[in-house]
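What the coordinates show
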Amino acid sequence: MKRSVWLALAFSVASMAAAKQVMAQTKKDTSAMINELISKMTLEEKVHMIHASSSFTSGGVPRLGIPELVTSDGPHGVRPEHGRDWNLDNNSLDSGSYLPTGVCLAATWNPQLGYAYGSVLGSEAAFRGKNVILGPGINIIRSPLNGRNFEYQSEDPFLVSKMVVGYIKGVQDQGISACVKHYAANNQETKRFTINVQMSERALREIYLPGFKAAVQVAGVNTLMSSYNKFRGQWASQNNYLLNQILKKEWGFKGLVMSDWDAVHNTMEALWNGMDLEMGTDLHMLPNPDYSKFFLGDTVVALVKSGRFPEYLLDEKVRRILYVMYKTNMINGKPLKGEYNTKAHQQTAAKVAEEGIVLLKNQNNFLPLDRSKIKSIAVIGYNAERKQSMGGGSSQIRAFYEVTPLAGIRNMAGNIKVNYAQGYDIKRDGGANDAMIAEAVEAAKKSDVVIMVGGWTHGFRYDVWKDNAFDAEDIDKVDMQMPFGQNELLKAVMKANPKTVVVLMGGGAIDMTQWIDQAPAILQAWYAGMEGGNAMAKIIFGQINPSGKLPMSFPKKLEDHGSQKLGEYPGDTTHLSVHYMDDIYVGYRYYDTYKVEPQFAFGHGLSYTTFAYSNLRLTTSGKRATATFTIKNTGKTAGAETVQLYVHQDKSALPRPEKELKGFNKVSLNPGEEKTISIEMDEDAFRYFSDVTNQWVMEPGSFQVLLGSSSRDIRLSGKINL
Ligand code: GLC
């Protein structure tokens, strides 16, 4: 090898070693500084740090330059300010960017976009003087009825574990801590404060934990929020197995565990079982909360003084809080300034909406609409003009602006006449009355094309959400029926004008059986944030070629769903227990194993172009394998395809699902362009968790590797022996 190459090599090795040295030094310095700070603190000061000091802050030690830790919701934007009485403080400048909600981000299947998304969140949190943003929410979408599905990501743990990393790194690279939540098994809102969740170790390890494990071990998340529910009989916020054994010991989590708000129930259990920071117990003390009376309040001083709780374990909690403060420059330097609602932030919100909206159906290429051939469009539905950002509960946002679907369509319509009819009202006891339906039918009749914007909706405000909430915290849907009489409305409109595009908003599946055969085109638009209306319009008129893929299965009917068929959902709400009898068969793992046809499959999403897959080559080396294949854009417009890789084990000691997602790659291609792609599979792609031996096992034998455009649209497959 040439001398210069040797020198370059030697230099790079030396500089890597030096970098490692610096890292180790910094780590040593940080822990030395933390220990030094702790050695200066009084017992009272330490206790002051491990519980809230207001609705969204926890105690600092001004004497030692330790500031309060300032947290804020939520997963898709920085929440409006609240007073100590928990009412919205309507006087502060607290509007911000309203990003698309979690499921829309997941539907992009684009981890890099997750990083951009997290960057916006971190920057806006810094601007608003926060240190911790209480997101991402990543609980597995186990039932289509869960009220908070809109805030989460997917039914599949692999997709969650890939999408969560970019988001967290994006936030934390802005000098702000992310807070992955709600750990663990908070998959329903029904009785969320009291329900006891039971499940097999296999379901826990294979389905419900991987997202959290990736957040800790891959993304290096600084904080984690424990959930309200009990897990195997012990509150999640004081659960020795979840917090001490798995999170801190097995995964090596170095950050802090905070409770969900008002989720701590017992001093000694919280102290011993891994709770570091008690938040929200003031909700039980309103209107004038006394923060020293928290479970981890002054009581702890007495317990330590009387020797009933060792001070070194209290120090461990303080150490974790200080560790997070150092990671976010709160002690040794200034948190980054941050910005809000910049053009860049708006563009990220637009990009996530454009890549997250899913084209579910497009009969005879009904879409995109050709504006040169259209004189008039009827836009029908309350969701077309409704602002959603303040809905949903704690994830509410006072959006700096929100482009509604109607506004977005108007922005693109040019001189096309837009006839709007509200069509239905948002009232739990029905909403579409004869007069409203007649008005909508009238608009449909006199227009060339109809765009119906319906689906679910957010509770309007935090305090009155229960009256009209369908995608909101603390309340689950009662069924999958499209509410407010929209089915009748849609059938009447389609009868008047069959050229009807159906745009569904919401956090997940809705029952389409009454009208799906008559609908030429259907878009799933989620809650697509402040630029959502523009993104929908750009897709409808063809400026954007949709590339979203469903991050959860859409059942035909509720009773088809695994959590209904195998149960239990929502469990025994009298004795407050729910058994996840669907076990590892969540979502497509259920449909494909039990041979039940979904309405739209996990991973499904159409494009305005077509893609051809060819030349699959599978190679193995040891316990790893590689799938290499060619993908070509065989249509007329540029587009992006997310190729999904699923693995099926031919023979296994314990039963396994029909297939499991173990890789994906989103490829952008111009018309006629083709690319050769490789997707690597490591041991994780083939192992499963045996709750007989209580460990991950990889059994030698043959595996099918399936490449598809969705979990049910497999284009290439091959067999490997490991
Ligand atoms: C809520 C939510 C949690 C939120 C917290 C603070 O009850 O469960 O997601 O971050 O309390 O508002």
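See the structure shown above.
Presented here is a report on the structure given in the accompanying data block. (Residues numbered from 1 in each chain as written. Predicted model: local features only at pLDDT ≥ 70, side-chain atom pairs only at ≥ 80, totals over all residues. Heavy atoms only, no water.)

This brings us to the sheet that holds strand β16 (residues 577–579). Here we have 4 strands laid out as an open sheet, ordered β8-β7-β5-β16, and mixed in their pairing. In this open sheet, the two edge strands, each paired with only one partner strand, are β8 (234–235) and β16. Relative to β8, strand β7 (residues 230–231) is paired through 2 bridges, and the arrangement is antiparallel. Looking across to β8, one finds that Lys230 is bridged to Trp235. (Pairing = 2+ DSSP bridges. Helix = DSSP H or I, 4+ residues; strand = E, 2+ residues; numbered from the N terminus.)

This part covers unusual backbone geometry. With an omega of -15°, the peptide bond running from Gly567 to Glu568 counts as cis. Tracing the sequence through the fold places Glu568 in the loop between α17 (562–565) and β16. At the junction of Tyr569 and Pro570, the peptide bond is cis and its omega measures out at -10° in the coordinates. Here Pro570 lies in the loop between α17 and β16. Positioned with a positive phi, Lys191 is a non-glycine residue whose angle comes to about 55°. Here Lys191 lies in the loop between β4 (177–183) and β5 (196–198). The exposure class assigned to Lys191 is partly exposed, which follows from its relative accessible area of 40%. Despite not being glycine, Asn364 has its phi angle at roughly 45°, a positive value. Residue position: Asn364 is located in the loop between β10 (358–362) and β11 (376–380). (Buried < 20%, exposed > 50% of the residue type's maximum accessible area, 1.4 Å probe, protein only.)

What follows covers the packing of helix α12 (residues 343–356) against helix α16 (residues 532–540). Viewed as axis vectors pointing N to C, α12 and α16 meet at an angle of 45°, and their least axial separation amounts to 9 Å. Considering their axes alone, α12 and α16 lie oblique with respect to each other. Considering how the two elements wind past one another, α12 and α16 form a crossing that is right-handed. Contacts between α12 and α16 involve Ala350, Ala353 and Glu354 from the first element and Gly532, Ala535, Lys538 and Ile539 from the second. Its residues assigned to classes, the contact of α12 with α16 comprises 4 nonpolar, 1 polar and 2 charged. (Axes fitted to C-alpha atoms, helices over the stretch in contact; angles between N-to-C directions. Parallel < 35°, antiparallel > 145°, perpendicular 65-115°, else oblique. Left-handed = near helix turned anticlockwise from the far one by under 90°. Contact = heavy atoms within 4.5 Å. Nonpolar A, V, L, I, M, F, W, Y, C, P; charged D, E, K, R; others polar.)

This part takes up the side chain of Glu660. Along the polypeptide, Glu660 turns up in strand β20 (residues 660–669). Note on Glu660: relative accessible area 4%, which makes it buried. Once residues within four sequence positions are removed from consideration, Glu660 is found in contact with Glu206, Tyr588, Arg589, Leu645, Tyr646 and Val647.

Our next topic: the environment of Asp276. Residue position: Asp276 is located in the loop between α9 (267–272) and α10 (298–305). Along the sequence, Asp276 and Leu314 sit 38 residues apart, while their C-alpha atoms lie 8.6 Å from each other. Setting aside residues no more than four positions away along its own chain, Asp276 makes contact with Ile50, Lys248, Gly255, Leu256, Val257, Lys317, Arg320 and Ile321. Here the side chain of Asp276 touches Lys248 through a polar contact of 3.0 Å, side chain to side chain. Within the local environment of Asp276, its side chain forms a polar contact with the backbone nitrogen of Val257, the two atoms lying 2.9 Å apart. (Polar contact = N/O pair within 3.5 Å; in protein donor to acceptor, adjacent residues only side chain to side chain.)

So, on to the sheet that holds β11. As summarised here, the arrangement of the 6 strands in space is β10-β15-β14-β13-β11-β12, forming an open sheet in which the pairing is mixed. At either end of the open sheet lies a strand with only one pairing partner, and these are β10 and β12 (417–421). Between one strand and the next, the sheet's axes are offset by a mean angle of 20°, whatever the strand orientation. Relative to strand β15 (residues 521–526), β10 runs antiparallel, the two sharing 4 bridges. Within β15, the position partnered with Lys361 by the bridge is Ile522.

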